[in-house]
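Coordinate inspection notes
Each chain, letter by letter, is given below.
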Amino acid sequence: MRALIIQHEPDGPPGLLSRHLAQRGYRVDIVQIMQPGSTHSEIPFPDPRSYDLVAPMGAVAGVYDHHLIGSWIHREVAMLQLALAAGVPMFGICFGAQAITMALGGHVEPSPSYEIGWYTYELQHPRIAAGPWFTWHGDRCLLPAGATELARTTHCTQLFREGRAAGVQFHPEVTREMVAGWVSKCPPDYFVERGTTGAALIAAFDEFGELAAKQATELFDWFLDDVAR
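Residues numbered from 1 in each chain as written. Predicted model: local features only at pLDDT ≥ 70, side-chain atom pairs only at ≥ 80, totals over all residues. Heavy atoms only, no water.

Time to look at empty space enclosed by the protein. The full count for this structure, using the stated rule, is 1 cavity of 30 Å³ or more. Space inside the largest cavity adds up to approximately 60 Å³. Looking at the largest cavity, the residues that line it are L16, W118, W133, F134, H171, P172, V174, F205, G209, A212 and A213. Of all the secondary structure elements, the ones that give two or more residues to the lining of the largest cavity are strand 7 (133–142) and helix 7 (198–227). Looking at which element gives the most residues to the lining of the largest cavity, the answer is helix 7, with 4 residues. Here the residues of the lining of the largest cavity sort into 9 nonpolar, 2 polar and no charged. (1 Å grid on protein atoms, 1.4 Å probe; cavity = no way out; pocket = protein on both sides within 12 Å on 5 of 7 lines; lining within 4 Å. Points joined across faces, edges and corners; volume = space filled by probe spheres on them. Helix = DSSP H or I, 4+ residues; strand = E, 2+ residues; numbered from the N terminus. Nonpolar A, V, L, I, M, F, W, Y, C, P; charged D, E, K, R; others polar.)

This part is about the pattern of salt bridges. Here the structure, examined in full by the defined rule, presents 12 salt bridges. The partner of R24 in a salt bridge is D221, with the nearest N and O atoms 2.7 Å apart. Taken together, the residues span a long stretch of sequence, with R24 in the loop between helix 1 (16–23) and strand 2 (27–32) and D221 in helix 7 at a distance of 197 residues. With a relative accessible area of 18%, D221 lands in the buried category. Linking R24 and D225 is a salt bridge whose minimum nitrogen-to-oxygen distance equals 2.8 Å. With a gap of 201 residues between them, R24 in the loop between helix 1 and strand 2 and D225 in helix 7 connect regions that are remote in the sequence. Assessed through its relative accessible area of 28%, R24 is described here as partly exposed. The exposure class assigned to D225 is partly exposed, which follows from its relative accessible area of 26%. (Salt bridge = Lys/Arg side-chain N within 4 Å of Asp/Glu carboxyl O. Buried < 20%, exposed > 50% of the residue type's maximum accessible area, 1.4 Å probe, protein only.)

The next point concerns the packing of helix 1 against helix 7. Taken N-terminus to C-terminus, the directions of helix 1 and helix 7 make an angle of 55 degrees; their axes are 10 Å apart at the nearest point. Classified by the interaxial angle, the pair formed by helix 1 and helix 7 is oblique. Our pair here, helix 1 against helix 7, has a crossing hand that is right-handed. Across from L16, L17, H20 and L21 in helix 1, the residues of helix 7 making contact are A213, A216, T217, F220, D221 and L224. For the contact of helix 1 with helix 7, the class distribution of residues is 7 nonpolar, 2 polar and 1 charged. (Axes fitted to C-alpha atoms, helices over the stretch in contact; angles between N-to-C directions. Parallel < 35°, antiparallel > 145°, perpendicular 65-115°, else oblique. Left-handed = near helix turned anticlockwise from the far one by under 90°. Contact = heavy atoms within 4.5 Å.)

Residues L53 and A55 of strand 3 (residues 53–56) are buried on one face, and the alternating residues V54 and P56, pointing to the opposite face, are buried as well. By the bridge criterion, 4 bridges tie strand 1 (residues 2–7) to strand 3 in an arrangement that is parallel. Within the sheet, the bridge partner assigned to I6 lies in strand 3 and is P56. (Pairing = 2+ DSSP bridges.)

The interhelical angle for the contact between helix 5 (residues 176–184) and helix 7, taken along N-to-C directions, is 175 degrees, at an axis separation of 10 Å. With respect to helix 7, the axis of helix 5 lies roughly antiparallel. Contacts between helix 5 and helix 7 involve R176, V179, A180 and V183 from the first element and G198, L201, I202, F205 and D206 from the second. Classifying every residue of the contact of helix 5 with helix 7 gives 6 nonpolar, 1 polar and 2 charged.

Functional significance is not addressed by these values, which are geometric in nature.
Structure (structure tokens):
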């Protein structure tokens, strides 16, 4: 079995997801779209029909930030639409979930409020934990007709499914090293304006990270066992 992971940025690796896919017997191919210091990219997207699973990861931008990522976001959405038409299972994380929403015919817009930290969601599925989940975004998916919302907060859909595709607005893939790296790239004022601190995010990871990793395994297995099949 082959899995294609679309890594948009150097510091947005698949983390726990790629590890779990390998444990489940997948050969994981990672294609990185953007290079350090640039949002422009001419890197071609692979044919998703050559894979048994496609997983687009997160990114700093929103899918609507065409002034930043216009050189490639339309090509990514077209690739995901090709995967949808071929019935290739897809699992999107944060920006990846937004891209899948666009491919399904939905819409993405800025959220009324940033969500940065550890959240517990209103959940509609017995196999998936309500939280705590690590969350870092300022966007929200407006799902198309036919897509099923499975988890949400006041402002945003957090988990959805449509056929053999699913997306999460949060970050089940993160490791402590990933979170610490993201925190290090943001000035203290960034967090103050959004009601938290970088130190608080890392301290909370030390409290919740082990549980979240276990929950992530259950989430990934739900996708592989129920959605992808």
